[in-house]
Amino acid sequence: MPQIMEITLTLPEGQRLHPSMGSVLHGALMEYAHEDFAAAMHRAGVRPFSQFVYYDKQAERAVWRLAALNGEAAAELDYALAAMPQNLCLKQKGYVVQLSKSQPVKETDYAAMAQQFFTEQPPRKAEVTFVTPTSFKAYGAYKIYPDNAYIFRSLLKRWNAYSGGLVLEEENLEQHLADDVKVIGYNLSLQQYSVGGAPIDAFKGRYTLLLRGTEAQNRIAALLLAYAEYAGIGIKTALGMGGVFINFLP
């Protein structure tokens, strides 16, 4: 059962929120999680949660957004957050950040998502806002721009890992979906994201797609893009990268 929650962060005066704080908060999350869960996450190829930080300009607050991709991950995140002190010492940053109580943002289940996108008229346009630096790894190098096949591959991998029996198994599906969308707008910038002090080349910004495939293909593409708000896109989504907002346009 995918779900999203948010926590307001209060930083010391003079400190600014940086996207790489997501990597630091991931470390804190694993410190307060059950040992077996934390150990399993270090071994997992596809982790059952994503998280990132961003600044909400409208509300004028720093936000930590966490998303669980199944019930087990949701329970583990709840446990770790409940165990975490309200005044959390970030050793890597050298200061204390104050955490609000977590607030639910949205919740669904895989069957409901599938039913929604396979019964309603599919949208024709999707605006993807890469809120935190996003990247893909290919042939030993980072891809510093969006690649539609990699976007859909990333989402398919997470969907198929955690959706139970609702697996999308068509051969080369990610390439078929990529071939049937058209980029109609973008405003992107190169960024670097720090994980353990190591910089990762990445990008962030807005990216607009026109869904121009068959109705069935558009339904799958829209379903996966909606899922991106839970799963994130690209590499290291559990460490704060690849956080996105999705807006379907008429």
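Whatever comes next refers back to the structure up there.
Residues numbered from 1 in each chain as written. Predicted model: local features only at pLDDT ≥ 70, side-chain atom pairs only at ≥ 80, totals over all residues. Heavy atoms only, no water.

Undergrad: What should I look at first to understand a nonpolar patch on the surface in this one?
TA: A surface patch of nonpolar side chains, amounting to about 390 Å² of accessible area, comprises Tyr142, Ile144, Tyr145 and Leu190. Mapped onto the elements, Tyr142 comes out in strand 9 (residues 141–143). Given the relative accessible area of 31%, Tyr142 is considered partly exposed. (Patch = residues over 30% accessible without salt bridge, like charges linked within 9 Å, V, L, I, M, F, W, Y side chains within 5 Å. Areas by Shrake-Rupley, 256 points an atom, 1.4 Å probe, with all protein chains shown as cover. Salt bridge = Lys/Arg side-chain N within 4 Å of Asp/Glu carboxyl O. Helix = DSSP H or I, 4+ residues; strand = E, 2+ residues; numbered from the N terminus. Buried < 20%, exposed > 50% of the residue type's maximum accessible area, 1.4 Å probe, protein only.)

Undergrad: Teacher, can you tell me more about the packing of aromatic side chains here?
TA: Aromatic ring pairs are reported here in terms of the distance separating the ring centres and the angle at which the planes meet. For the structure on display, the rule yields twelve aromatic pairs. Each member of the aromatic cluster is reached from another via a ring pair, and the members are Phe130, Phe136, Tyr150, Phe203 and Tyr207. We note Arg153 situated over the ring of Tyr150; from NZ or CZ to the ring centre the distance is 4.9 Å. (Phe/Tyr/Trp six-rings, centres within 6.5 Å; stacked < 30°, edge-to-face > 60°. Lys NZ or Arg CZ within 6 Å of the ring centre and 35° of its normal.)

Undergrad: Could you clarify how one ought to interpret the sheet that holds strand 10 (residues 181–195) in this entry?
TA: Strands belonging to one sheet form pairs held by backbone hydrogen bonds; the direction of such a pair is parallel or antiparallel. Ordered by their spatial adjacency, four strands build an open sheet running 10-11-7-12, and the pairing between neighbours is antiparallel. On the outer flanks of this sheet lie strand 10 and strand 12 (244–249), each paired with one strand and no other. Across the sheet, the mean angle separating the axes of adjacent strands is 10° when strand polarity is ignored. Relative to strand 11 (residues 198–211), strand 7 (residues 125–134) runs antiparallel, the two being bridged by seven bridges. The residue bridging Phe130 from the neighbouring strand is Gly205, located in strand 11. Helix 7 (residues 215–231) rests against strand 7, strand 11 and strand 12 of the sheet, and its axis sits at about 145° to strand 12. (Pairing = 2+ DSSP bridges. Axes fitted to C-alpha atoms, helices over the stretch in contact; angles between N-to-C directions. Contact = heavy atoms within 4.5 Å.)

Undergrad: Would you mind showing me how to read the nonpolar core here?
TA: Soluble globular proteins tend to pack their nonpolar side chains together in the buried interior. Ranked by internal contacts, the top residues of the largest apolar core, which has 40 residues, are Leu224, Leu225, Tyr227 and Ile233. Residue assignment for this core shows that the elements contributing at least two residues are helix 4 (110–119), strand 7, strand 8 (136–138), helix 5 (148–162), helix 6 (173–179), strand 11, helix 7 and strand 12. When residues in this core are grouped by element, the largest group, eleven residues, is from helix 7. With near-sequence residues (within four places) excluded, Ile233 lies in contact with Val128, Phe130, Thr134, Phe136, Ile151, Ser154, Leu155, Ala228, Gly242 and Val244. (Core = buried A, V, L, I, M, F, W, Y, C linked by side-chain atoms within 4.5 Å.)

Undergrad: What exactly am I supposed to notice about the environment of Phe136 here?
TA: With respect to the secondary-structure elements, Phe136 resides in strand 8. Put simply, Phe136 and Pro123 are 13 residues apart on the chain and 26 Å apart in space, counted from C-alpha to C-alpha. The residues contacting Phe136, other than those within four sequence positions of it, are Ala141, Tyr142, Lys143, Tyr145, Pro146, Asp147, Tyr150, Ile151, Phe203, Ile233, Gly234 and Ile235.

Undergrad: Explain unusual backbone geometry to me, please; I cannot follow it from the model alone.
TA: What is expected of a backbone is that most residues other than glycine have negative phi and most peptide bonds are trans. Backbone geometry at Asn172 places phi at a positive 55°, although glycine is not the residue there. The residue Lys236 is not glycine, and still its phi comes out positive at about 55°. Tracing the backbone shows Lys236 in the loop between helix 7 and strand 12.

Undergrad: In this structure, what is going on with the layout of surface pockets? I would like to understand it.
TA: Over the atoms, a rolled probe matching the size of one water molecule traces out where space is still vacant. By volume, the largest pocket amounts to about 680 Å³. Along the wall of the largest pocket there are 21 residues; nearest its centre are Leu17, Tyr54, Tyr55, Asp56 and Lys57. Listing elements by their share of the lining of the largest pocket, those giving two or more residues are strand 1 (3–10), strand 2 (49–56), strand 7 and strand 11. Sorting elements by how many residues they give to the lining of the largest pocket places strand 2 first, with four residues. For the lining of the largest pocket, the per-class residue count stands at eleven nonpolar, six polar and four charged. If you add up the space inside the second largest pocket, you get close to 430 Å³. (1 Å grid on protein atoms, 1.4 Å probe; cavity = no way out; pocket = protein on both sides within 12 Å on 5 of 7 lines; lining within 4 Å. Points joined across faces, edges and corners; volume = space filled by probe spheres on them. Nonpolar A, V, L, I, M, F, W, Y, C, P; charged D, E, K, R; others polar.)

Undergrad: Where do I start with the side chain of Ser135 in this structure?
TA: With respect to the helices, strands and loops of the structure, Ser135 is situated in the loop between strand 7 and strand 8. Within the structure, the side chain of Ser135 is placed 3.0 Å from the backbone oxygen of Asp201, a separation counted as a polar contact. Beyond its immediate stretch of four places on either side in the chain, Ser135 contacts Tyr142, Lys143, Ile200, Asp201, Ala202, Phe203, Gly234, Ile235 and Met241. (Polar contact = N/O pair within 3.5 Å; in protein donor to acceptor, adjacent residues only side chain to side chain.)

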